[in-house]
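Structural features, examined
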Amino acid sequence: MRALILVPLLTPIAFAQDTDVPPPLEQPPGFEIPFTGEMTAERLGELIRQIDASASAQGNGYRFQVADRDMMTVYDETANRMRIISPIIPADGLPPELLMRMLQANFDAVLDARYAIGNGNVWSTFVHPLSTLTDQDFLSAIAQTAVAAETFGTTFSSGVFVFGGGDTQSLHEDLLRRLEEATNSEDDRGI
């Protein structure tokens, strides 16, 4: 498989402001509950329970697992925000070169996910407005957050795309090979 490198646009693009709500997307394959067009806390829970039947609601969020990785989703319907997080390692004593690599990856390799430090830990995280999140976006966000957590300390990537012009390009081919092996093996990694 050849690597697809996305080059960031250097010229500004004007976006038309559309006040109409786009039509709902088709139901993703394998999901029993149809997408209604607006993401809600209830819908997050439905999707998460389809991914992990043992997921638990905790306050304004859910705790679940993807491929044995602890994941959490928290939301605030009033603020129209949601976040997916996965703990990686304690932040105490991280060497400066590892902190630098995290920031480099945030620039070009972890796409919609990000590495962050909070409450004494390094996290993989994804943040998005709640109501405009689609089922496919949410599933992609879970995958990106989980993969970014799994590749921390090695390739620092959230998936198969890397924006050009960063420092991660040389690590990209190895990541693609590992992702192909993970998805083509009989060992279910959940991604």
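Scope of this entry: the structure provided in the associated data block. (Residues numbered from 1 in each chain as written. Predicted model: local features only at pLDDT ≥ 70, side-chain atom pairs only at ≥ 80, totals over all residues. Heavy atoms only, no water.)

**A few points about the pattern of salt bridges**
Heads up, the rule is: Should a side-chain nitrogen of Lys or Arg be within 4 Å of a carboxyl oxygen of Asp or Glu, the pair is scored as a salt bridge. Counting from the N terminus, the helices are the DSSP runs of H or I reaching at least four residues and the strands are the DSSP runs of E reaching at least two. Only protein chains enter the accessibility calculation, which uses a 1.4 Å probe; a residue is then buried when its area is under 20% of its type maximum, exposed when over 50%, and partly exposed in between.
A complete count under the given rule lists 3 salt bridges for this structure. Close ionic contact of Glu46 with Arg43 constitutes a salt bridge, the shortest N to O distance being 3.3 Å. Taken as a pair, Glu46 and Arg43 lie in helix 1 (residues 41–51) at a separation of 3 residues, close to a single helical turn. Overall, Arg43 belongs to the buried group, its relative accessible area being 4%. Of the charged contacts, one joins Arg69 and Glu150 as a salt bridge, the two residues approaching to 2.8 Å between their closest N and O atoms. Here Glu150 lies in helix 3 (residues 135–150) and Arg69 lies in strand 4 (residues 69–76), a separation of 81 residues in the sequence. On the basis of relative accessibility, which here comes to 14%, the residue Arg69 falls in the buried class.

**What to know about the environment of Ala109**
Looking at where Ala109 falls in the secondary structure, it is placed in the loop between helix 2 (96–108) and strand 6 (114–118). By relative accessible area, Ala109 is classed as buried at 0%. The spatial distance from the C-alpha of Ala109 to the C-alpha of Ser157 is 4.9 Å, given a sequence separation of 48 residues.

**Things to note about the nonpolar core**
As a reminder, the rule being used: Put simply, a nonpolar core is a bunch of buried Ala, Val, Leu, Ile, Met, Phe, Trp, Tyr and Cys residues held in one set by side-chain atoms that sit within 4.5 Å of each other. Here, residues are in contact when the closest pair of their heavy atoms is within 4.5 Å.
Leu44, Met82, Ile84 and Phe138 are the most contacted members of the largest nonpolar core, which totals 20 residues. Going through the elements one at a time, helix 1, strand 3 (61–66), strand 4, strand 5 (81–90) and helix 3 are the ones with two or more residues in this core. Excluding residues that lie within four positions of it along the chain, Met82 makes contacts with Thr73, Val74, Tyr75, Phe126, Val127, His128, Pro129, Leu130, Leu133 and Phe138.

**Considering helix 3**
Just so we agree on the cut-off: Between the first and last residue of a helix there are one fewer steps than residues, each counted as 1.5 Å, and that sum is the expected span.
Between its terminal C-alpha atoms helix 3 stretches 23 Å, which fits the 22 Å expected from 16 residues at 1.5 Å a residue. Turning to helix 3, its buried residues number three or more, namely Asp135, Phe138, Ala141, Ile142, Gln144, Thr145, Ala146, Val147, Ala148 and Ala149.

**Description of the packing of helix 1 against helix 3**
Which entries qualify depends on this criterion: Axis lines are fitted through C-alpha atoms, for helices just across the contact stretch, and the angle between N-to-C directions can take any value from 0 to 180 degrees. Every angle not falling under 35 degrees, over 145, or within 65 to 115 is termed oblique; those three ranges are roughly parallel, roughly antiparallel and roughly perpendicular. The hand of a helix crossing depends on one turn: near helix anticlockwise from the far one by less than a right angle means left-handed, and clockwise means right-handed. Under the scheme applied here, ten amino acids are nonpolar (Ala, Val, Leu, Ile, Met, Phe, Trp, Tyr, Cys and Pro), four are charged (Asp, Glu, Lys and Arg), and all others, including Gly, are polar.
Running from amino to carboxyl end, helix 1 crosses helix 3 at an angle of 50 degrees, the nearest separation of the two axes being 11 Å. As judged from the angle between their axes, helix 1 and helix 3 are oblique. For the crossing formed where helix 1 meets helix 3, the hand is right-handed. Touching Arg43, Leu44, Leu47, Ile48 and Ile51 of helix 1 are Asp135, Phe138, Leu139 and Ile142, all from helix 3. Here the residues of the contact of helix 1 with helix 3 sort into 7 nonpolar, no polar and 2 charged.

**Some details on the pairing of strand 4**
For clarity, the cut-off: Being paired, for any two strands, means DSSP has found at least two bridges between them.
As paired strands, strand 3 and strand 4 are joined by 6 bridges and run antiparallel to one another. Considered in strand 4, the bridge of Gly61 is made with Val74. Taking the residues that link successive antiparallel strands as the turn, the strand 3-strand 4 hairpin has 2 residues, and the phi of Ala67 there is positive, at about 50 degrees. In this structure, strand 4 lies alongside strand 5, joined through 5 bridges in antiparallel fashion. Bridged to Val74 within strand 5 is Arg83. Turn length for the strand 4-strand 5 hairpin, with the two strands adjacent in sequence and antiparallel, is 4 residues, and the turn residue Asn80 shows positive phi of about 60 degrees.

**Details of the sheet that holds strand 3**
Judged by pairing direction, the sheet is antiparallel, and its 6 strands sit side by side in the order 2-3-4-5-7-6 without closing on themselves. Edge strands, defined here as strands with exactly one partner in the open sheet, are strand 2 (56–57) and strand 6. Relative to strand 3, strand 2 runs antiparallel, the two being bridged by 2 bridges. Looking at the pairing, Ser56 lines up with Arg63 of strand 3. Relative to strand 6, helix 2 is tilted by about 135 degrees, and along the sheet it contacts strand 6 and strand 7 (121–129). Seen against the sheet, helix 3 touches strand 3, strand 4, strand 5, strand 6 and strand 7 and runs at an angle of roughly 15 degrees to strand 5.

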